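Residue-level structural notes
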Amino acid sequence: MLDIKYIRDNPERVQQNAINKGYGDLSVQELLALDTDKRDLQTQVDELREKRNTVAAQMKGNKPTQDLVDQGKQIKIQLAERERYLRATDEKFVELLKQFPNMALDSVPVGQSEEESVVAKTVGEPPKFDFKSLSHAELAEQRGWLDVDRAVKIAGSRFVYVKGDLARLEFALWQFAIDTLTDQEKIREIIAGAGLDKAISDKPFTFVLPPAVAKTAVFEATGRLNKLEQTYKIEDEDLWLNASAEHTLSPMYMDEILDEQDLPIRLLGYTTAFRREAGTYGKDTEGMFRLHQFNKLEMESFTDAKSSFNEHLFMVAIQEYLTAALGLPYRVLEKCTFDIGRPNAKGVDIEVWLPSQNQYRETHTADYITDFQARAMKTRVRLADGQLELAHTNDATAYSERPLIGIIENFQNQDGTVTVPEVLRKYLGGKKVL
């Protein structure tokens, strides 16, 4: 949530930012009008409360006059009315304020579609096959690794049974990432490779299994509740299924004050995630590319304001390390304003080459969120000098199931087998080929 003081001081910038992010229907003037009404009503309520207290003091210990009694009744009626108006205005104000997106950094490319995001760099070469290559869905179904038909029978479209070697490969992926990100020496290696030696802590991540559901108020505080396109609600419960692990990691310290000496707090969370994925079709719904249920390993960190941007760069470096370790060809994308999302000040995607689609597709996202979530979550940091400031949050994908698609398609062999990336072999009993 944005700071209303910032909006008052920068109404034109906030309005343009909303337009740049695809929220052009929001009106800063409407918000500021509600803000003015709310402050005026608060003043009236405060004045009436002061008058009520004065009259009460005059009546105390003495037999009140009829005029004093009548005055007290009139103040009570007026106060109840003003308080009712104040509550209604405040509710409208807060509801509108929550809809305004975080301010994008000046470095973020301005664009009105995801096609206007900018490729920062490309690493590796797409494979060239001397045989007819298959899509991950075709190959995995042939090998008995995916069972779509039975999943549709049981749960409907966009669910799958993942079986055999593919299921084992997925767990190898998780274990490799967990081992890497909980190892301080590996963290130091990644920091050094990114040139962040003097800018970032070498503290490793703590592995967490978070809840897969969150209450409405909690989910809204994160700025991630997308009711129509993304999020499933549990009927007759004030609970929503998470669409990614960071959705329940980011509010973990809601309404708490963190000590500066404990920062950064770095969490690595694994959970099954659920998304409605409304409006997607075609190749995006084949195999396991875009499912209603999937597994993810997510990074979440809490820092102070001065180190949060370098933390974002660090998380992108981790994503590159994890992708390069698999040997997959990939590119780094600086997301444009339209594509970074409402809570983000900046966003980066890692996209892996998929031969079946003849294009790069997203496997990782890194979100730099500044204090946008912390303001609504009331997560603060007590600095060494005793001052309090809002915490800053970052989140980023460690692995989803999509790198498995990249492995199958890029490392497939003519006989239908798949070569296992070297870093994963020890988790598969030394197997080199599946």
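Only a predicted model underlies this, so the values are computations on that prediction, with no experimental measurement involved. (Residues numbered from 1 in each chain as written. Predicted model: local features only at pLDDT ≥ 70, side-chain atom pairs only at ≥ 80, totals over all residues. Heavy atoms only, no water.)

**Comments concerning the overall build of the protein chain**
Regarding its fold elements, the protein chain presents 13 helices and 15 strands. For the protein chain, the spread of C-alpha atoms along the principal axes amounts to about 100 × 55 × 40 Å. Burial analysis of the protein chain (434 residues in total) assigns 49% to the buried set. A separation of at least 24 residues holds for 72% of the contacts in the protein chain among residues at least 6 apart in sequence. (Helix = DSSP H or I, 4+ residues; strand = E, 2+ residues; numbered from the N terminus. Buried < 20%, exposed > 50% of the residue type's maximum accessible area, 1.4 Å probe, protein only. Contact = heavy atoms within 4.5 Å.)

**A few points about the pattern of salt bridges**
Going through the model one piece at a time under the given rule, you end up with 24 salt bridges. The salt bridge involving Asp35 is made with Arg39; its shortest N-O contact spans 3.5 Å. Of this pair, Asp35 and Arg39 both sit in helix α3 (residues 28-59), four residues apart, which is roughly one turn of the helix. Notably, a salt bridge pairs Arg150 with Asp147, separated by 2.7 Å at the nearest N-O pair. For Arg150, a relative accessible area of 51% gives the class exposed. Taken together, the shared-partner salt bridges connect Arg8, Asp35 and Arg39 into one network. (Salt bridge = Lys/Arg side-chain N within 4 Å of Asp/Glu carboxyl O.)

**Focus: the packing of helix α7 (residues 164-181) against helix α13 (residues 402-410)**
At a closest axis distance of 10 Å, the pairing of α7 and α13 adopts a crossing angle of 120°. One finds that α7 runs oblique with respect to α13. The interaxial crossing formed by α7 with α13 has right-handed handedness. Contact with α7, carried on its side by Leu166, Leu169, Glu170 and Leu173, involves Pro403, Leu404, Ile407 and Ile408 of α13 and no other residues of that element. Of the residues belonging to the contact of α7 with α13, the class tally is seven nonpolar, no polar and one charged. (Axes fitted to C-alpha atoms, helices over the stretch in contact; angles between N-to-C directions. Parallel < 35°, antiparallel > 145°, perpendicular 65-115°, else oblique. Left-handed = near helix turned anticlockwise from the far one by under 90°. Nonpolar A, V, L, I, M, F, W, Y, C, P; charged D, E, K, R; others polar.)

**Observations concerning the packing of aromatic side chains**
Summed over all chains, the structure comprises six aromatic pairs. Both rings, one in Phe205 and one in Phe314, keep their centres 6.3 Å apart while their planes meet at 20°; by these two values the pair is stacked. Separated by 109 residues along the polypeptide, Phe205 in the loop between α8 (184-193) and β4 (206-208) and Phe314 in helix α11 (residues 308-325) bring together distant segments of the chain. The same class applies to Phe205 and to Phe314, which are both buried. Between Phe309 and Tyr368 the ring centres are 5.5 Å apart and the planes differ by 75°, which places this aromatic pair in the edge-to-face class. (Phe/Tyr/Trp six-rings, centres within 6.5 Å; stacked < 30°, edge-to-face > 60°.)

**Let's talk about α11**
Helix length check: α11, at 18 residues, gives a terminal C-alpha distance of 26 Å against a target of 26 Å (1.5 Å per residue), a fit within 8%. Regarding α11, the residues found buried are Ser308, Glu311, His312, Phe314, Met315, Val316, Ala317, Ile318, Gln319, Glu320, Leu322 and Thr323. Downstream of α11 by a residue or two, Gly327 has a phi angle that is positive, lying close to 80°. (Expected span 1.5 Å × (residues − 1).)

**Concerning the sheet that holds strand β7 (residues 257-259)**
In space, the three strands of this open sheet follow the order β7-β13-β14, with mixed pairing throughout. Of all the strands in the sheet, the pair left with one neighbour each is β7 and β14 (388-390). The mean angle between the axes of side-by-side strands here comes to 35°, regardless of whether they run parallel or antiparallel. Here β7 pairs with strand β13 (residues 380-382) via three bridges, running parallel. Along β13, the bridge assignment pairs Ile257 with Arg380. (Pairing = 2+ DSSP bridges.)

**With respect to the sheet that holds strand β9 (residues 293-303)**
Strand order in the open sheet formed by eight strands is β1-β10-β11-β12-β15-β9-β8-β4, and the pairing between neighbours is mixed. What marks the edges here is a single partner per strand, and that holds for β1 (118-123) and β4. For this sheet, the mean inter-axis angle between neighbouring strands, taken without regard to orientation, is 25°. Summarising the sheet, strand β10 (residues 330-334) and strand β11 (residues 346-354) pair through five bridges and their orientation is antiparallel. Across the sheet, Val332 pairs through a bridge with Ile350, a residue of β11. Along the sheet, α11 contacts β1, β8 (265-274), β9, β10, β11, β12 (359-370) and β15 (392-400); its crossing angle with β15, the most-contacted strand, is approximately 5°.

**A look at the packing of α8 against α11**
As a packed pair, α8 and α11 sit with axes 9 Å apart at the nearest point and diverge in direction by 105°. One element, α8, and the other, α11, form an angle in the roughly perpendicular class. Counted together, Lys186, Ile187, Glu189, Ile190 and Ile191 of α8 and Phe314, Ala317, Ile318 and Tyr321 of α11 form the full contact between these two elements. Looking at the contact of α8 with α11 residue by residue, the class counts come to seven nonpolar, no polar and two charged.

**Focus on the nonpolar core**
Within the largest apolar cluster, 56 residues are counted, with the highest numbers of intra-cluster contacts made by Leu166, Leu169, Phe205, Met299, Phe314 and Leu424. Take this core: its biggest share by element is nine residues, from α7. When near neighbours in sequence (up to four residues on either side) are disregarded, Phe205 contacts Leu181, Thr182, Ile187, Arg266, Leu267, Leu268, Met299, Glu300, Phe314, Met315 and Ile318. With 17 residues, the next largest nonpolar core counts Leu32, Phe93, Leu96 and Phe100 among its residues. (Core = buried A, V, L, I, M, F, W, Y, C linked by side-chain atoms within 4.5 Å.)

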